[in-house]
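Here is what each chain is made of, one letter per residue.
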Amino acid sequence: MSSIAENIQRIQNTLPANTALIAVSKMKPVDAIAEAYQAGQHAFGENRAMEMAVKRSQLPEDIQWHFVGHLQSNKVKYIVSFVHLVHSVDSEHLLDVINREGQKGKRVIDCLLQFYIAQEETKFGFTMEEAETMLQKKKFLQLKNIRLCGVMGMASLTDNSAQIQREFQTLKQHFDYLKEKYFAEESSFKEISMGMTDDYSIAIAEGSTMVRIGSAIFGERVKSE
Ligand SMILES: *Cc1c(COP(=O)(O)O)cnc(C)c1O
């Protein structure tokens, strides 16, 4: 079995210069994160707010913490003071809550809009229609404590790589459309978070700027998510 450091190195070697690696450390112990950190990995992804807050308190301060799972609005308060990027904003209500908590803590929180691109009922995210309805509201412009930096999506869990490719292409099109129509002047709107252990090479080919990789770095998780 290869070490965490070797896994990171192997993956880094396949990533284009403009694609960031987010090491998804959910359910993995602090020791494993420390090992990855020592190998030069400074961006980690978690999908539970409390777990992320506890791990953060035990690890170096310059780690960038990325929230990558469905975030319940009553948990925002646990991470709002330090989270680097919330990848998974999947409702207007959640965006409102992040803004409100950000205001309390005097921070602007970077967020991605999660889009529903898979053919699975279980996945979260906006449709383009829902996203546009939100973006066109006057109220949206008053959310001063969030900054939208791009989009995120999860492909279907399938062996059909043509289907995965189509889903990632859809996300890229969503990004291009939003960029042109709403964010042309905003240089910070630039991220397309797509690609996990089983599909990240397809995601890179389709224009991913951030891959979120867990098992290929830390090994299989005991319980599936
Ligand atoms: C768990 C998870 C990942 C990483 O999954 P792997 O298949 O282990 O690479 C990426 N993104 C999200 C949203 C996740 O929940």
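Let me begin by describing the structure that accompanies this report. (Residues numbered from 1 in each chain as written. Predicted model: local features only at pLDDT ≥ 70, side-chain atom pairs only at ≥ 80, totals over all residues. Heavy atoms only, no water.)

1. What to know about the overall build of the protein chain
Broken down by element type, the protein chain carries 10 helices and eight strands. For 225 residues, the compact-globule formula gives about 17 Å, and the C-alpha radius of gyration of the protein chain, at 17 Å, lands near that figure. The 225 residues of the protein chain split such that 51% are buried. By sequence separation, contacts in the protein chain at least 24 residues apart represent 59% of the contacts at least 6 residues apart. With 26 positive and 29 negative side-chain charges, the protein chain shows a separation of 6 Å between the mean positions of the two kinds. (Helix = DSSP H or I, 4+ residues; strand = E, 2+ residues; numbered from the N terminus. Rg over C-alpha atoms; globule rule 2.2 N^0.38 Å. Buried < 20%, exposed > 50% of the residue type's maximum accessible area, 1.4 Å probe, protein only. Contact = heavy atoms within 4.5 Å. Lys, Arg positive; Asp, Glu negative; His and termini not counted. Charge placed at Lys NZ, Arg CZ, Asp CG, Glu CD.)

2. A look at the site of the ligand
Neighbouring the ligand are the residues Val24, Lys26, Val68, Met152, Met154, Met196, Thr197, Arg212, Ile213, Gly214, Ser215 and Arg221. The contact in question runs from an oxygen atom of the ligand to an N or O atom on the side chain of Lys26, over 2.7 Å. Between the ligand and Gly214, the relevant distance is 2.8 Å, taken from an oxygen atom to a main-chain nitrogen or oxygen of the residue. Compared with its free state, where it exposes 390 Å², the ligand has 92% of that area covered by protein. (Near = heavy atom within 4 Å. Polar contact = N/O pair within 3.5 Å; in protein donor to acceptor, adjacent residues only side chain to side chain. Areas by Shrake-Rupley, 256 points an atom, 1.4 Å probe, with all protein chains shown as cover.)

3. Let's talk about the pairing of strand S6 (residues 146-153)
For a regular strand, the rule is simple: side chains alternate between the two faces of the sheet. Within S6, seven of the eight residues are buried, leaving the element largely enclosed by the surrounding structure. Sheet analysis places strand S5 (residues 109-115) next to S6, joined by seven bridges and oriented parallel. Across the sheet, Gln114 pairs through a bridge with Met152, a residue of S6. Here S6 pairs with strand S7 (residues 191-193) via three bridges, running parallel. (Pairing = 2+ DSSP bridges.)

4. Concerning a nonpolar patch on the surface
Together, Met50, Val54 and Tyr78 make up a nonpolar patch on the protein surface, roughly 250 Å² of accessible area in all. With respect to the secondary-structure elements, Met50 resides in helix H3 (residues 49-57). (Patch = residues over 30% accessible without salt bridge, like charges linked within 9 Å, V, L, I, M, F, W, Y side chains within 5 Å. Salt bridge = Lys/Arg side-chain N within 4 Å of Asp/Glu carboxyl O.)

5. Concerning the environment of Glu206
With respect to the secondary-structure elements, Glu206 resides in the loop between helix H9 (200-205) and strand S8 (210-213). Taking the C-alpha atoms as reference points, Glu206 and Ile192, separated by 14 residues in sequence, lie 9.8 Å from one another. Excluding residues within four positions of it along the chain, Glu206 makes contact with Gln165, Phe168, Gln169, Lys172 and Met194.

6. Section: the layout of surface pockets
Of the voids in this model, the second largest pocket is the one considered here, and its volume is about 220 Å³. For the second largest pocket, the full set of lining residues is Leu135, Phe140, Leu141, Leu143, Lys144, Ile146, Arg147, Leu148, Tyr182, Phe183 and Glu186. Listed by contribution, the elements that provide at least two residues to the lining of the second largest pocket are helix H7 (138-141) and S6. (1 Å grid on protein atoms, 1.4 Å probe; cavity = no way out; pocket = protein on both sides within 12 Å on 5 of 7 lines; lining within 4 Å. Points joined across faces, edges and corners; volume = space filled by probe spheres on them.)

7. Brief notes about the pairing of strand S1 (residues 20-24)
For S1, a buried count of four out of five residues is recorded, marking the element as mostly surrounded by other parts of the structure. The pairing of S1 with S8 spans four bridges and is classified as parallel. Residue pairing across strands places Leu21 opposite Val211, the latter belonging to S8. The β-α-β motif built from S1, the intervening helix H2 (residues 30-38) and the parallel element strand S2 (residues 43-46) has right-handed crossover chirality. (Right-handed = clockwise from strand over helix to strand, strands pointing away.)

8. Examining the side chain of Gln114
Mapped onto the elements of the fold, Gln114 is located in strand S5. With residues up to four places along the chain from it excluded, the contact list for Gln114 reads His87, Ser88, Val89, Asp90, Phe124, Gly125, Phe126, Met152 and Met154.

9. Re the pattern of salt bridges
When their charged atoms lie close together, side chains carrying opposite charge are able to pair. A full pass over the atoms with the stated rule returns 10 salt bridges. Here Asp96 ties to Lys139 by a salt bridge, and the two come within 3.2 Å at their closest N and O atoms. Placement of the pair is Asp96 in helix H5 (residues 92-104) and Lys139 in helix H7, with a sequence separation of 43 residues. On the basis of relative accessibility, which here comes to 23%, the residue Asp96 falls in the partly exposed class. A relative accessible area of 33% means that Lys139 is categorised as partly exposed. One salt bridge in this structure joins Asp110 and Arg147, with 2.9 Å as the shortest N-O distance. Of this pair, Asp110 sits in strand S5 while Arg147 sits in strand S6, and the two are 37 residues apart along the sequence.

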